[in-house]
Amino acid sequence: MIVGLIIILLLVLLLPFTKFVEKNLEMFLFIMGVLSVLVSQVLDWPLIKEALVHPINITLAVLVAGLLFRWFQTPIEKGVLGMSRAIPYRVFIALFVIILGLISSLITAIIAAIILVAIVGVLRLDKESEIRLVVLACFAIGLGAVLTPLGEPLSTVVVNKLNEDFFYLLKLVGIYVIPGVIIFGILAAMFVKSREESQEILSQQSSKEKAPNNSETESYGEIIIRSLKIYLFVMALTFLGAGFEPLIERYLLDLNPLILYWINMISAVLDNATLAAAEISPSMDSTTIRDMLLGLLVSGGMLIPGNIPNIIAAGKLDITSKQYAKFALPVGLVAMVVYFVVILIF
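Residues numbered from 1 in each chain as written. Predicted model: local features only at pLDDT ≥ 70, side-chain atom pairs only at ≥ 80, totals over all residues. Heavy atoms only, no water.

**What about the overall build of the chain?**
Helix and strand counts for the chain stand at 18 helices and zero strands. Here the C-alpha atoms of the chain give a radius of gyration of 20 Å, agreeing with the 20 Å that 2.2 N^0.38 yields for 346 residues. With the C-alpha coordinates of the chain rotated into their principal frame, the extents come out at 55 × 45 × 30 Å. Looking at the chain as a whole, 53% of its 346 residues are labelled buried. Within the chain, residue pairs in contact and separated by at least 24 positions form 80% of the contacts whose partners lie at least 6 positions apart. Summing over all exposed atoms, the chain offers an accessible surface of approximately 15,500 Å²; the carbon and sulfur share of this is 69%. (Helix = DSSP H or I, 4+ residues; strand = E, 2+ residues; numbered from the N terminus. Rg over C-alpha atoms; globule rule 2.2 N^0.38 Å. Buried < 20%, exposed > 50% of the residue type's maximum accessible area, 1.4 Å probe, protein only. Contact = heavy atoms within 4.5 Å. Areas by Shrake-Rupley, 256 points an atom, 1.4 Å probe, with all protein chains shown as cover.)

What follows is the structure in structure tokens.
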């Protein structure tokens, strides 16, 4: 069983960078998820029911938001462009990422990701800047959403499992998360090209070939297909999380928290809420819980399957696994090192 799960994990890590799998990522992850629960022998009706039901709310949110942005595209575009011109462009980018990251704990990471997609489409960035902005914003959302139980499933799982109050995670990791969100906003302002540079690149592209325009009105069919892909994606992550739970329980739970911090980089491809549910116990002290959570949160932005915002943004903006990882992996590794030094000192 263990050998089979390790092989599946390696396939999930490596094959999304191949062209064929990249174009069929949702189906590939679904197949890997089913294989993982078969190898672990945990496939039963309650799990199937959870896999069918769990993606519904996320899918509906993506569908409804897609329809709303289609219907109100013109006023949204005017509002965003007006704000981006009223203040310095790089200040706007930084504030956008910081505010989105912080309010994701109240509006949910899903809604924050949908807002990210809508605004990035309006800004009409060159592809490199678009990818960088999306990656850094996804890191910010992934961090910020943990501050309350409303933000994401991981925070809900932790608060419920520890039987703590609404502000527990804000008090536990807020001092680490909030500066991180601010830094990702500043990095976005630094790494995204200026409005003029982006427009020049796009105009050069359009003179050679038609450049993609993410602000074009989507058809109803495209909105529905994207929502169904999100459904399949979340279902796949549910199966993967359940399939790897026996491996986690057998080999990871007794490890030193600082070692587990690094091992939790598997959150880049597995559902971090499932990992948190398996790893965290009420018997742990707050320092141990903090270290484990930070490992899960930071690494979640490193690959597309790591967090729902990554999945939503990459799917809508046609960002491939290779394009996303090329920028996100180095950023994530540096962030992991920085947070590791911080938790060692404090």
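**Re the packing of aromatic side chains**
In the structure shown here, the tally under the stated rule is eight aromatic pairs. One aromatic cluster is present, formed by Tyr261, Trp262 and Phe340 through successive ring pairs. The ring centre of Tyr220 lies 4.1 Å from the NZ or CZ of Arg70, which sits over that ring. (Phe/Tyr/Trp six-rings, centres within 6.5 Å; stacked < 30°, edge-to-face > 60°. Lys NZ or Arg CZ within 6 Å of the ring centre and 35° of its normal.)

**Regarding the environment of Phe17**
Inspection of the secondary structure puts Phe17 in the loop between helix H1 (2–14) and helix H2 (19–23). Overall, Phe17 belongs to the partly exposed group, its relative accessible area being 25%. C-alpha of Phe17 to C-alpha of Ser194: the two residues are 177 residues apart in sequence and 30 Å apart in space. Setting aside anything within four residues of it in sequence, one finds Phe17 in contact with Leu303, Ser321, Lys322 and Ala325.

**As for helix H15 (residues 272–279)**
Of all the eight residues making up H15, seven are buried; the element is thus mostly covered by neighbouring parts of the structure. Every buried residue of H15 is listed here: Asn272, Ala273, Thr274, Leu275, Ala276, Ala278 and Glu279.

**Description of the packing of helix H10 (residues 153–162) against H15**
Axis separation between H10 and H15 bottoms out at 8 Å; the angle between their running directions is 15 degrees. Considered as vectors, H10 and H15 are oriented roughly parallel to each other. The interaxial crossing formed by H10 with H15 has right-handed handedness. Here H10 contributes Pro153, Leu154, Val157, Val158 and Lys161 to the contact with H15, which in turn contributes Asn272, Ala273, Ala276, Ala277 and Ala278. Looking at the contact of H10 with H15 residue by residue, the class counts come to eight nonpolar, one polar and one charged. (Axes fitted to C-alpha atoms, helices over the stretch in contact; angles between N-to-C directions. Parallel < 35°, antiparallel > 145°, perpendicular 65-115°, else oblique. Left-handed = near helix turned anticlockwise from the far one by under 90°. Nonpolar A, V, L, I, M, F, W, Y, C, P; charged D, E, K, R; others polar.)

**Points about the packing of helix H8 (residues 109–123) against helix H9 (residues 127–144)**
The contact between H8 and H9 brings their axes to 11 Å, and the two run at 160 degrees. Between H8 and H9, the interaxial angle falls into the category roughly antiparallel. When the axes of H8 and H9 are compared, the crossing they make is right-handed. The segment H8 lies against H9, with Ala109, Ala112, Ala113, Leu116, Val120 and Leu123 engaging Glu130, Leu133, Val134, Ala137, Cys138 and Ile141. The residue makeup of the contact of H8 with H9, split by class, is 11 nonpolar, no polar and one charged.

**Re the environment of Val298**
Within the secondary structure, Val298 is located in helix H16 (residues 286–299). A residue is classified by how much of its surface remains accessible, and Val298, at 2% relative accessible area, is buried. Put simply, Val298 and Ile6 are 292 residues apart on the chain and 23 Å apart in space, counted from C-alpha to C-alpha. Setting aside residues up to four positions removed in sequence, Val298 forms contacts with Phe139, Leu143, Gly332, Ala335, Met336 and Tyr339.

**Some thoughts on the nonpolar core**
If you look at the biggest cluster of nonpolar residues, it comprises 110 residues, and the most contacted ones within it are Leu116, Leu123, Leu133, Leu154, Val158 and Ile312. Look past the residues within four positions of Leu154 in its chain and what remains in contact with it is Val146, Asn272, Ala273, Ala276, Leu293, Leu296 and Leu297. (Core = buried A, V, L, I, M, F, W, Y, C linked by side-chain atoms within 4.5 Å.)

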